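Observations on chain architecture
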Amino acid sequence: MAKKIRVGLVGVGGMGGCHFYNYEKIENAELVAVCDVRKDVAKEKVGNRKIKIYTNLDRMLKYQDLDMIDICTPSYMHKNMAIKLLNKGYHVLCEKPMTLNAKDAQKVIEAANKTDKNFMVAHVVRFMTPYMYLRSVIESGELGKLIRLDMKRISGIPRWSWEDWMRDEKKSGGVATDLSIHDIDFVQSVLGVPDSIQAYRYNMKENNDNVITNMIYGDTLVTCEGAWYNTGIPFHATFLAVFQNGSIELSDKLYKNGEAVELNKAQAEDVDLGINVGNDDGYLKEMQYFVNCIIENKKPDFVTPESSARSVELVDQIKKKAKKL
Ligand SMILES: NC(=O)c1ccc[n+]([C@@H]2O[C@H](COP(=O)([O-])OP(=O)(O)OC[C@H]3O[C@@H](n4cnc5c(N)ncnc54)[C@H](O)[C@@H]3O)[C@@H](O)[C@H]2O)c1
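Residues numbered from 1 in each chain as written. Predicted model: local features only at pLDDT ≥ 70, side-chain atom pairs only at ≥ 80, totals over all residues.

**Observations regarding the domain arrangement of the chain**
Note: interface size is frequently given as the accessible area lost on complex formation between the parts. Our working definition: The domain limits used here are those given by an automatic or database domain assignment. Contact between residues is assigned whenever the C-beta positions, reconstructed from backbone atoms, fall within 7 Å. In this text, helices come from DSSP runs of H or I with a minimum length of four residues, and strands from runs of E with a minimum of two, each type numbered from the N-terminal end. Amino acids outside the nonpolar list (Ala, Val, Leu, Ile, Met, Phe, Trp, Tyr, Cys, Pro) and the charged list (Asp, Glu, Lys, Arg) are all regarded as polar, and Gly is one of them.
Domains assigned within the chain are domain 1 (5-123) and domain 2 (125-273 + 303-324). Centre-to-centre, using C-alpha coordinates, domain 1 lies 25 Å away from domain 2. Facing 22 residues of domain 1, the contacting portion of domain 2 comprises 21 residues. Looking at the side of domain 1 that touches domain 2, the elements that each hand over two or more residues are helix 5 (102-113) and strand 6 (119-122). Counting residues per element, the side of domain 1 that touches domain 2 draws most heavily on helix 5, at six residues. Taken together, the residues of the side of domain 1 that touches domain 2 sort by class into 13 nonpolar, seven polar and two charged.

What follows is the structure in structure tokens.
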């Protein structure tokens, strides 16, 4: 029988829950064990599946024979967990952000460079079909030069996290590090580091935190807006990209020059990562991609540790430069 990657998942809250169910769809991986300090939450996810439950990471590592660990714990834990797991010789998939600041990201890179195992930050937006499609249109130049890109990611302030860690800037980095990083990372991964940055921030006052960043690339203006607002506003992520000869837009649907593009058609035309998951779920695609890279003994070069660290560095700069409103 073909080899299955044996996975341990640490943190089965909101995002860990999403990863948990996706392992059932990944044929060349087996979720062997989960670890969460909340045993009841882990038990509820596991149900009657044959998956071991731990409340302590060291115990999971001691008693289970695992190839890969998937880190879905709060962001302030990523640095230490990633370094420890890389030093112990595991392949590591780590939720975004890589770390809370650029200095810590460099420490993770050092650990990743000392092992032949794979490390990848789960920058899901890079794997989402509308964004992969946008990347391929920018890179192919089929609509000419990019003139303007406007990206938005807005939601109600998160009140659901374990111990409310997300609303604590020291633990989550606030909306720039937690939410806007999705778009900033996408832009950085396609266009590189901008020539200059301006930013404005409403700084976690009365449960409102937003950051609006202008990034200049030559004569192209890119704006990224990330916001948590103190209302029940539903999560939404949109973009408008205007080129010399056309436009790509994500709003209620994906549009090219004002005409809707079916996602399966967009998927057929977007970046080819050699993965075949048959749908447009970015979370499943990033996980399948990482598992395939392990099996094929390849480095996950679609999301390198260096490029994830550059996004953390950019967000650090944005927060430092942001004019406080
Ligand atoms: N890619 C995305 O779209 C996306 C979306 C949401 C969150 N995230 C990221 O995922 C990570 C987790 O966020 P979340 O929303 O799932 O948070 P959460 O609070 O819902 O879940 C975190 C889980 O970690 C557990 N935990 C805490 N300390 C632990 C420890 N020492 N060992 C084991 N388990 C521990 C908690 O009990 C909880 O179940 C964060 O880094 C966040 O930025 C990514």
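Now that the structure has been shown, the text picks up again.
**Considering the sheet that holds strand 1 (residues 5-10)**
Stated precisely, the cut-off is as follows: DSSP bridges decide pairing: two strands pair if at least two such bridges lie between them. To define axes, lines are fitted to C-alpha atoms, for helices over the stretch in contact only, and angles between the resulting N-to-C directions are given on a 0 to 180 degree scale.
Taken together, the six strands give an open sheet; going across it, the order is 3-2-1-4-5-6, and neighbouring strands pair in parallel fashion. Both edges of this open sheet fall to strand 3 (52-54) and strand 6, since each of them pairs with a single strand only. Between one strand axis and the next, the sheet turns through 25° on average, direction left out of account. Bridge analysis of strand 2 (residues 29-35) against strand 3 gives three bridges, and the strand direction is parallel. Looking at the pairing, Val 34 lines up with Ile 53 of strand 3. Those strands touched by helix 10 (residues 282-295) are strand 1, strand 2, strand 4 (68-71), strand 5 (91-95) and strand 6, and its axis lies near 135° from that of strand 1.

**Things to note about the site of the ligand**
Put simply, the rule is: Here, nearness is defined through the C-beta atom: a residue counts as near a molecule or strand if that backbone-placed atom lies within 6 Å of it.
Close to the ligand lie 25 residues; Gly 11, Gly 13, Gly 14, Met 15 and Trp 162 are nearest. Considering each element in turn, the shell around the ligand owes the most residues, three residues, to helix 1 (residues 14-22). Its residues placed into classes, the shell around the ligand shows 13 nonpolar, seven polar and five charged. Both of domain 1 (5-123) and domain 2 (125-273 + 303-324) provide at least three residues apiece to the shell around the ligand.

**Observations concerning the environment of Leu 179**
Basically, it comes down to this: With C-beta atoms placed from the backbone, the exposure class of a residue follows from how many other C-beta atoms lie within 10 Å of its own: 20 or more, buried; 12 or fewer, exposed; in between, partly exposed.
Looking at where Leu 179 falls in the secondary structure, it is placed in helix 8 (residues 174-191). Its 29 C-beta neighbours within 10 Å are what place Leu 179 among the buried residues. Taking C-alpha positions, Leu 179 is 14 Å from Gly 14, a pair spaced 165 residues apart along the chain. Residues in contact with Leu 179, not counting those within four places in the same chain, are Arg 153, Gly 226 and Trp 228.

**Some remarks on unusual backbone geometry**
A cis amide bond, omega -10°, links Lys 96 with the succeeding residue Pro 97. One can find Pro 97 in the loop between strand 5 and helix 5. Positive phi, close to 45°, is recorded for Glu 206, a residue that is not glycine.

**A short note on the pairing of strand 5**
Formally: Looking down the strands as they point away from you, a crossover is right-handed if its path from the first strand over the helix to the second goes clockwise.
When you tally the buried positions in strand 5, you get five out of five residues, the bulk of the element. Side chains of strand 5 alternate between two faces, with His 91, Leu 93 and Glu 95 and Val 92 and Cys 94 buried alike. As defined by bridge partners, strand 4 adjoins strand 5 across four bridges and the pair is classed as parallel. Within the sheet, the bridge partner assigned to Asp 70 lies in strand 5 and is Leu 93. A crossover connection joins strand 4 to the parallel strand 5 through helix 4 (residues 78-87); in handedness this β-α-β unit is right-handed. Summarising the sheet, strand 5 and strand 6 pair through four bridges and their orientation is parallel. Paired with Leu 93 across the two strands is Met 120, which belongs to strand 6. In this view, the connection linking strand 5 to its parallel neighbour strand 6 by way of helix 5 has right-handed handedness.

**Things to note about the sheet that holds strand 8 (residues 196-205)**
Here we have nine strands laid out as an open sheet, ordered 14-13-12-11-7-10-9-8-15, and mixed in their pairing. The open sheet has two free edges, formed respectively by strand 14 (259-260) and strand 15 (323-324), since each of these has just one partner strand. Judged from the two bridges that link them, strand 13 (residues 254-256) and strand 14 form a sheet pairing that is antiparallel. Directly across from Lys 256, in strand 14, lies its bridge partner Glu 259. In the packing of helix 6 (residues 129-140) onto the sheet, the strands contacted are strand 7 (146-156), strand 11 (236-243), strand 12 (246-250) and strand 13, and the crossing angle to strand 12 comes to about 165°. Running at roughly 70° to strand 8, helix 11 (residues 305-321) makes contact with strand 8 and strand 9 (208-217) of the sheet.

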